[in-house]
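Coordinate inspection notes
Residue strings, one per chain:
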Amino acid sequence: MKQLIEALQSGNLAAINTSDLKVYASSFTEVGGTKLLLVRSNTGKKLVAVGKGEIYDQLIGESVDGGKICPLTHENRLTLNQFLPYTAPQAFGTQVATMGLGDRLGIASPGHIQTLRGKDIRPVLAQQSIRELALTGRTYEDVLDAAAYAVFQEGYRDGYGADGDHLKKEEDIEYALRLGFTMLTLDCSEKIDNTIDGLTDAEVAAKYEKLPTSLRSRYEERYLQATPNVPGASLTFTRQSLMKDVLIYDAAIDFMEAIFRKYITTLDRAVDFEISIDETATPTSPEAHFLVANELRQRGVTIFSMAPRFCGEFQKGIDYIGDIAQFEKELASHAAIAVHFEYKLSIHSGSDKFSVFPLIGQYTNGLFHLKTAGTNWLEAVRVVAKVNPSLYRRMHQYALDHFEEATAYYHVTTDINAITPLASVSDPQLPEYMNENNARQLLHITYGLLLQAKNADGSKQFADEFFQTLAEQEESFAEGLKKHIGKHLELLGK
Ligand SMILES: O=C(O)[C@@H](O)[C@H](O)[C@H](O)C(=O)CO
């Protein structure tokens, strides 16, 4: 360690003996009288500090040969945030394209940064839903720590975001905000009445007539007396469609306003507030999108982005399923509505929607928010399939055995009987499973079960070997992400 400390003190990183050490040269920085560098030895990644000054004194670590070797702890991450602002998340607002890069493992962000660096789009690296935290056993502290250390490792100074994703409960919103998350995705799915779609016109009318007169009058005056004029959007309101949309969305709009007033307007910092109405059975028609957006504007609620439930299927980890002509027709209106109300269109379940990415880039004029998560996990699985076939086979079989359990968390139309039987696939062919939709969804939705699976003695059945394999294959994983997420960006016009 003495040689490392001396080389760092001189600022001569090339002099560091790297025979048993990986040096992340992009991490090197000086603050006050302290030099900092991230390295990885056989005991994992460490933050090395030399010199003097406040940050040196505040970092917690072992004093060795005149320097300090610091573990990548939550407390040390907070110290980095305090002295190196670029390592803390930021809000981006509506004037720059952004991409959610959900990292369920806490090891994907370096590859994400290498992919996006220098492009006209900014990464929301710390994006996880409460559902993902529950399935992986992680916390929002873990998520933000991993992203911040990745930013430090890569020396990435263009800014990154932190999205408390698909939040439904106030305690989860408070949790994410307390930790400094810079984006909130409010999931309104439990306030959207999906039963309305199944009612007859007469049943809809009868239910609507029971609403307060003042409420009905307000909606009818706003949406039936004149056709809204949104350049680029084709909108037709009828009394019947209006009654349905009011019954479906009115409670959700009240919820959006209440959360905005209680948590967003009271903040002393910028936060990107996203409205998610995508995880519902009811597709969001352009008229419904306009109604929600206009009601929010009438109530003084300003948002960063809106995630509608598009027509067709945006399933996890695979390409778009549906009529692309119809999708394009509605996308044009959705994008025009977002422009009209001055926010970005947010595309959830954005992983691998290659057939519609060019349309999304075109109609949003390159100003969108795209969310991915599953595809980043699957690139890690692809690495395992390539270098540790035994582990991949055990994980694949476990996923097959527990698939039904996983369908409780994600809507998929996977046909697991269509997946080539594992025994008939040779080791070199295993990575091909990541190119087959049914196998992709099998491994995607079982991520939590796989990571949390335990042996009879309580040890992790796959996770320890999985993370060890990925640690040994750090560069391969980053290259896989650069290739796969790079394909996303290229088709989006970035
Ligand atoms: O799996 C989750 O809960 C999230 O990744 C969620 O799906 C996210 O909002 C998303 O759309 C990622 O593509």
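Bear in mind that the values here come from a model prediction, so they are computed numbers and not experimental data.

Cut-off values and rules
- Per chain, the residues get numbers from 1 upward, laid out in the order the sequence is written.
- For this predicted model, a pLDDT threshold of at least 70 governs which residues receive local features, and a threshold of 80 or more governs which side-chain atom pairs are given and counted, while totals over whole chains, interfaces and linings are taken from all residues.
- Neither water nor hydrogens contribute to the side-chain values; these are computed over all heavy atoms in the structure.
- Each nonpolar core is a collection of buried residues, namely Ala, Val, Leu, Ile, Met, Phe, Trp, Tyr and Cys, held together in the definition by side-chain atoms within 4.5 Å.
- Working definition: with a 1.4 Å probe on protein chains only, accessible area under 20% of the residue-type maximum means buried, over 50% means exposed, and in between means partly exposed.
- Comment: elements are numbered from the N terminus, with helices defined as DSSP H or I runs of at least four residues and strands as E runs of at least two.
- Residue contacts are counted whenever heavy atoms from the two residues lie within 4.5 Å of one another.
- Definition of nearness: a residue and a molecule or strand are near each other if at least one heavy atom of the residue lies within 4 Å of the molecule or strand.
- Any N or O atom pair separated by 3.5 Å or less is treated as a polar contact, with the protein-specific requirement of one donor-capable and one acceptor-capable atom, and with residues adjacent in sequence counted only for side-chain atom pairs.
- Residue burial considers only the protein chains on display, and all accessible areas are found by Shrake-Rupley using a 1.4 Å probe.
- UniProt positions are given in the numbering used here, feature names are shortened, and annotations may be inferred rather than shown by experiment.
- Every definition here rests on a 1 Å grid over the protein atoms only: cavities are sets of points where a 1.4 Å probe fits but cannot get out, pockets are open sets enclosed by protein on both sides within 12 Å along at least five of seven lines, and lining residues have some atom within 4 Å of a point.
- Stacked, edge-to-face and tilted labels apply to pairs of Phe, Tyr and Trp rings (six-membered ring for Trp) whose centres lie within 6.5 Å, assigned for plane angles under 30 degrees, over 60, and everything in between, in that order.
- In this scheme, the term charge over a ring applies when either NZ of a lysine or CZ of an arginine sits within 6 Å of the ring centre and within 35 degrees of the ring normal.
- Grid points are joined across faces, edges and corners, and a volume is the space filled by probe spheres set on the points.
- When residues are grouped by polarity, Ala, Val, Leu, Ile, Met, Phe, Trp, Tyr, Cys and Pro land in nonpolar, Asp, Glu, Lys and Arg in charged, and all others, Gly among them, in polar.
- The pairing criterion for strands is at least two bridges between them, as found by DSSP.

**Description of the nonpolar core**
Core analysis: the largest hydrophobic core is formed by 146 residues, its most contacted members being Leu-36, Phe-273, Ile-275, Phe-327, Trp-377, Tyr-392 and Phe-466. Broken down by element, the residue count for this core peaks at 14 residues, all from helix H10 (residues 239-264). In contact with Ile-275, not counting residues within four places along its chain, are Leu-186, Cys-188, Met-256, Leu-296, Ile-303, Ser-305, Met-306 and Ala-307.

**A look at helix H17 (residues 437-445)**
Across the nine residues of H17, eight count as buried, placing the element largely inside the fold. Turning to H17, its buried residues are Asn-438, Ala-439, Arg-440, Gln-441, Leu-442, Leu-443, His-444 and Ile-445. On the buried face of H17, the contacting elements are helix H14 (374-387), helix H15 (389-401), helix H16 (403-406), helix H18 (447-452) and helix H20 (474-491).

**Some remarks on the site of the ligand**
The environment of the ligand is formed by 14 residues, the closest being Ser-129, Asp-165, Lys-316, Ser-349 and Tyr-410. The separation between an oxygen atom of the ligand and a polar side-chain atom of Asp-165 is 2.6 Å. Here an oxygen atom of the ligand sits 2.6 Å away from a polar atom, N or O, in the side chain of Tyr-410. Burial of the ligand by the surrounding chains reaches 99%, relative to a free accessible area of 330 Å².

**Describing helix H3 (residues 74-83)**
Along H3, the residues that are buried comprise Asn-76, Arg-77, Thr-79, Leu-80, Asn-81 and Phe-83. Residues of H3 that are buried sit in contact with strand E1 (22-31), strand E2 (33-41), strand E3 (44-52), helix H2 (54-58), strand E5 (67-71) and helix H6 (140-154).

**Quick look at the UniProt feature "active site" (unreviewed entry) in the protein**
The UniProt record marks Asp-165 and Glu-274 with the feature "active site" (unreviewed entry), using the residue numbering of this structure. Spanning 110 residues, the named residues form one tight spatial group whose C-alpha atoms are at most 9.0 Å apart. As for the lining of the largest cavity, the annotated residues named previously contribute Asp-165. As for its placement among the helices and strands, Asp-165 is situated in strand E9 (residues 162-167). Overall, the relative accessible area of 5% leaves Asp-165 in the buried class. Leave out the neighbours within four places in its chain, and Asp-165 touches Gln-127, Gln-128, Ser-129, Ile-130, Tyr-140, Thr-185, His-348 and Lys-371. Structurally, Glu-274 is set in strand E11 (residues 272-276). Judged by relative accessible area, Glu-274 falls into the buried class, the value being 0%.

**Brief notes about the packing of aromatic side chains**
Per the stated rule, a full pass over the model turns up 20 aromatic pairs. Seen from their ring centres, Tyr-223 and Phe-290 are 6.2 Å apart, and the 85 degrees between their planes marks the pair as edge-to-face. Taken together, the residues span a long stretch of sequence, with Tyr-223 in helix H9 (residues 213-223) and Phe-290 in helix H11 (residues 286-298) at a distance of 67 residues. In this structure Tyr-223 comes out as buried when scored by relative accessible area, which is 2%. Members of the aromatic cluster, joined through ring pairs, are Tyr-219, Tyr-223, Phe-237, Phe-290 and Phe-341. Here the basic side chain of Arg-218 rests over the ring of Tyr-219, its NZ or CZ set 4.9 Å away from the ring centre.

**Things to note about the layout of surface pockets**
If you roll a probe as big as a water molecule over the atoms, it shows you where there is empty space left. There is about 1,200 Å³ of room inside the largest pocket. Residue lining of the largest pocket: 45 residues in total, with Lys-45, Gly-106, Ile-107, Phe-467 and Ala-471 positioned closest to the centre. Looking at the lining of the largest pocket residue by residue, the class counts come to 18 nonpolar, twelve polar and 15 charged.

**Here we look at the side chain of Thr-364**
Looking at the element boundaries, Thr-364 is found in the loop between helix H13 (357-363) and strand E14 (368-372). In this structure the side chain of Thr-364 is engaged in a polar contact, spanning 2.6 Å, whose partner is the backbone oxygen of Ile-360. When residues no more than four places from it in sequence are discounted, the contact partners of Thr-364 are Ala-335 and Leu-345.

**Description of the pairing of E2**
Two strands pair when backbone bridges link them, and E1 and E2 are joined in this way by six bridges, in the antiparallel orientation. Its bridge partner being in E2, Tyr-24 is matched across the sheet by Leu-38. Counted along the chain from E1 to the antiparallel partner E2, the turn is one residue long, and its residue Gly-32 has a positive phi close to 60 degrees. Here E2 pairs with E3 via nine bridges, running antiparallel. For Leu-37, the partnering residue across the bridge sits in E3 and is Val-48. The hairpin turn running from E2 into E3, its antiparallel successor, is two residues long.

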